[in-house]
Amino acid sequence: MTEDEVLSEFRSCDALLEGHFKLSSGRHSAFYLQCARVLMNPERAGRLARAICANIPREIRAQVDTVVSPAMGGLIVGHEVGRCLEKDAMFLERPDGEFHFRRGFELKPGAKVLMVEDVVTTGLSSREAIAAVGREGGEVIAECSLVDRSAGKVDLGVPFYPLIAINFPTYADDEVPAEIAAIRVTKPGSRKE
């Protein structure tokens, strides 16, 4: 899928939002990609997951034992990528602010893991999730996502294969332009402050 085709999928279900948003990273933006909305249609979610998988080099896909994603954002896309790769898909949760496996999920020692996210901005959640997999005895060999908001600047410590890389500007609290600051801020992400 091209960037235009992916963004068209977001626009088709009103998942590309404009306004004033505080992102999970703590930064502000005039744009927000509501991945839960774009993934709410199973056919569209499957299409996007197949495109993500096609973007991952074959030699990496062949090594994957398990797909893992951080809840909430990565849960649906991780499940669909697992379906595409015919691998089990598990998710990490933050019951106490730190990622852990729950619900009986566990990795086999040395399991090769593909981490799957919806959107990566600063990479903080991804790095925390990658560390959690390491604590559980697995090895993240790569990460993929629907969207890389860093436009290719993020470093996750593993190969990263986003479906699209975009660069909607983001701002620290003291950098928000007046025209954006004048709009009531919305915090649509799942991370607690």
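Please refer to the structure higher up on the page.
Being a predicted model, the structure only gives us computed values, none of them experimental.

Definitions and limits used
Residues numbered from 1 in each chain as written. Predicted model: local features only at pLDDT ≥ 70, side-chain atom pairs only at ≥ 80, totals over all residues. Heavy atoms only, no water. Helix = DSSP H or I, 4+ residues; strand = E, 2+ residues; numbered from the N terminus. Expected span 1.5 Å × (residues − 1). Buried < 20%, exposed > 50% of the residue type's maximum accessible area, 1.4 Å probe, protein only. Contact = heavy atoms within 4.5 Å. Polar contact = N/O pair within 3.5 Å; in protein donor to acceptor, adjacent residues only side chain to side chain. Phe/Tyr/Trp six-rings, centres within 6.5 Å; stacked < 30°, edge-to-face > 60°. Axes fitted to C-alpha atoms, helices over the stretch in contact; angles between N-to-C directions. Parallel < 35°, antiparallel > 145°, perpendicular 65-115°, else oblique. Left-handed = near helix turned anticlockwise from the far one by under 90°. Nonpolar A, V, L, I, M, F, W, Y, C, P; charged D, E, K, R; others polar. Core = buried A, V, L, I, M, F, W, Y, C linked by side-chain atoms within 4.5 Å.

Undergrad: Teacher, can you tell me more about helix α3 (residues 42-54) here?
TA: Structural remark: α-helix, 3.6 residues per turn; residues separated by three or four positions point the same way. Counted at 1.5 Å a residue, the expected span for α3 with its 13 residues is 18 Å, and the 18 Å between its end C-alpha atoms agrees. Along α3, the residues that are buried comprise R44, A45, G46, L48, A49, A51, I52 and C53. Considering only its buried residues, α3 is in contact with α1 (3-12), α2 (35-38), α4 (58-63), α5 (75-85), β7 (139-148) and β8 (160-165). A distance of 3.0 Å separates the backbone nitrogen of E43 from a side-chain oxygen at the start of α3, and that oxygen is part of N41.

Undergrad: Hey, could you run me through the packing of aromatic side chains in this one?
TA: Any pair of aromatic rings gets described here by the distance separating the centres and the angle formed by the planes. Going through the model one piece at a time under the given rule, you end up with three aromatic pairs. Here F21 and Y32 contribute two aromatic rings whose centre-to-centre distance is 5.7 Å and whose plane-to-plane angle is 35°, an arrangement assigned as tilted. Placement of the pair is F21 in strand β1 (residues 16-22) and Y32 in strand β2 (residues 28-33), with a sequence separation of 11 residues. Take F21 and Y32: they sit in the same class, and that class is buried. Where F31 meets F168, the ring centres are 4.7 Å apart and the plane angle is 25°; that geometry is what we call stacked. On the criterion of sequence distance, the pair formed by F31 in strand β2 and F168 in the loop between β8 and β9 (170-171) is long-range, its members being 137 residues apart. Here F168 falls in the buried class, since its relative accessible area comes to 17%.

Undergrad: Any chance you could explain the packing of α1 against α3 here in plain terms?
TA: Helix-helix packing is described using two parameters, namely the angle between the two axes and the distance between the axes. Running from N to C, α1 and α3 cross one another at 160°; their axes reach a closest spacing of 12 Å. The angle between α1 and α3 falls in the class roughly antiparallel. Note that α1 runs across α3; the crossing there is left-handed. Of the residues in α3, those in contact with V6, E9 and S12 of α1 are R44, R47 and L48. Broken down by class, the residue content of the contact of α1 with α3 amounts to two nonpolar, one polar and three charged.

Undergrad: Whenever I open this one, unusual backbone geometry confuses me. Can you help?
TA: Both trends apply: most residues other than glycine have a negative phi, and most peptide bonds are in trans. Put simply, A71 and M72 share a cis peptide bond, and its omega is 5°. For M72, the location among the structural elements is in the loop between β3 (66-70) and α5. Positioned with a positive phi, D14 is a non-glycine residue whose angle comes to about 55°. With respect to the element layout, D14 can be found in the loop between α1 and β1.

Undergrad: Is there a simple way to think about the nonpolar core in this case?
TA: It is characteristic of soluble globular proteins that their nonpolar side chains tend to be buried jointly. Within the largest apolar cluster, 36 residues are counted, with the highest numbers of intra-cluster contacts made by F10, V38, V81, L114 and L146. Elements that contribute at least two residues to this core include exactly α1, α2, α3, α5, β6 (112-120), β7 and β8. Take this core: its biggest share by element is six residues, from α3. Once residues lying within four places of it in the same chain are set aside, the contact partners of L114 are I56, V64, T66, V67, V68, V81, L85, A142, E143 and C144. If you look at the next biggest cluster of nonpolar residues, it comprises 19 residues, including I130, A132, V140 and V158.

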